[in-house]
Amino acid sequence: MPDDLTDLLDQLPTNLWPGCDKFKAVQSMLDRNKVLIREINHNHDGRHPEGLQRNVALINELNNNMNQVVELYAQASGSLMQTVVAGAAVASGGDEGGYTMDKQS
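Since this is a predicted model, take the numbers as computed values, not measurements. (Residues numbered from 1 in each chain as written. Predicted model: local features only at pLDDT ≥ 70, side-chain atom pairs only at ≥ 80, totals over all residues. Heavy atoms only, no water.)

## Structural notes on the overall build of the protein
- A tally of helices and strands in the protein yields three helices and zero strands.
- Listing the helices and strands of the protein from first to last along the sequence gives α-α-α.
- Residues classed as buried in the protein amount to 21% of the 105 residues present.
- Pairs at least 24 apart in sequence give 49% of the contacts found in the protein among residues at least 6 apart.
- Summed over all atoms, the accessible surface of the protein reaches about 7,400 Å², with 56% contributed by carbon and sulfur. (Helix = DSSP H or I, 4+ residues; strand = E, 2+ residues; numbered from the N terminus. Buried < 20%, exposed > 50% of the residue type's maximum accessible area, 1.4 Å probe, protein only. Contact = heavy atoms within 4.5 Å. Areas by Shrake-Rupley, 256 points an atom, 1.4 Å probe, with all protein chains shown as cover.)

## Examining the pattern of salt bridges
- Under the definition given, this model contains two salt bridges.
- The closest approach of N and O atoms between Arg 54 and Glu 39, which form a salt bridge, is 2.8 Å. Taken together, the residues span a long stretch of sequence, with Arg 54 in helix α3 (residues 49–91) and Glu 39 in helix α2 (residues 22–46) at a distance of 15 residues.
- The exposure class of Glu 39 is partly exposed, given its relative accessible area of 27%. (Salt bridge = Lys/Arg side-chain N within 4 Å of Asp/Glu carboxyl O.)

## Quick word on unusual backbone geometry
- Positive phi, normally seen in glycine, also occurs at Arg 47, with a value near 55°.
- Looking at where Arg 47 falls in the secondary structure, it is placed in the loop between α2 and α3.

## So, a nonpolar patch on the surface
- Taken together, the side chains of Leu 30, Met 66 and Tyr 73 present a nonpolar region at the surface, about 240 Å² in accessible area.
- In this structure, Leu 30 sits in helix α2.
- In this structure Leu 30 comes out as partly exposed when scored by relative accessible area, which is 31%. (Patch = residues over 30% accessible without salt bridge, like charges linked within 9 Å, V, L, I, M, F, W, Y side chains within 5 Å.)

These values are about where atoms sit, not about what they do.
Following this line, the structure appears as C-alpha cells:
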C-alpha cells in the first residue's frame, strides 16, 4: 500500500499549488518513522541493554520527525488555503467573500 501512495504522489504535478511538494516530504518521513517504530519495537521486545539504549536515539529521531511532519502539514494546508482563497477571489471578480487567512468575517 505505501508503494501505491508513493507512486500516486510521484504522479502529481509539483505545481498543483504552492506547498503540494510538502506531501512527498511528509510521506518520506512517515515511511522512515514506520522503520523506526519497527526497530524500536524489536529492541523493546529483545530487552537487550544495547537495544534499549539505542531506543533513546531512535525515539528522539521519531519525535523530531513527527515535529517536522506537523510543520510540513501546517505549511501545506496554509498554502492550500491561500490558493483556495485566491481562487475564490478570482471566481467572484476580486471579492474574497470576506475570507482571509487569519479569520472568517
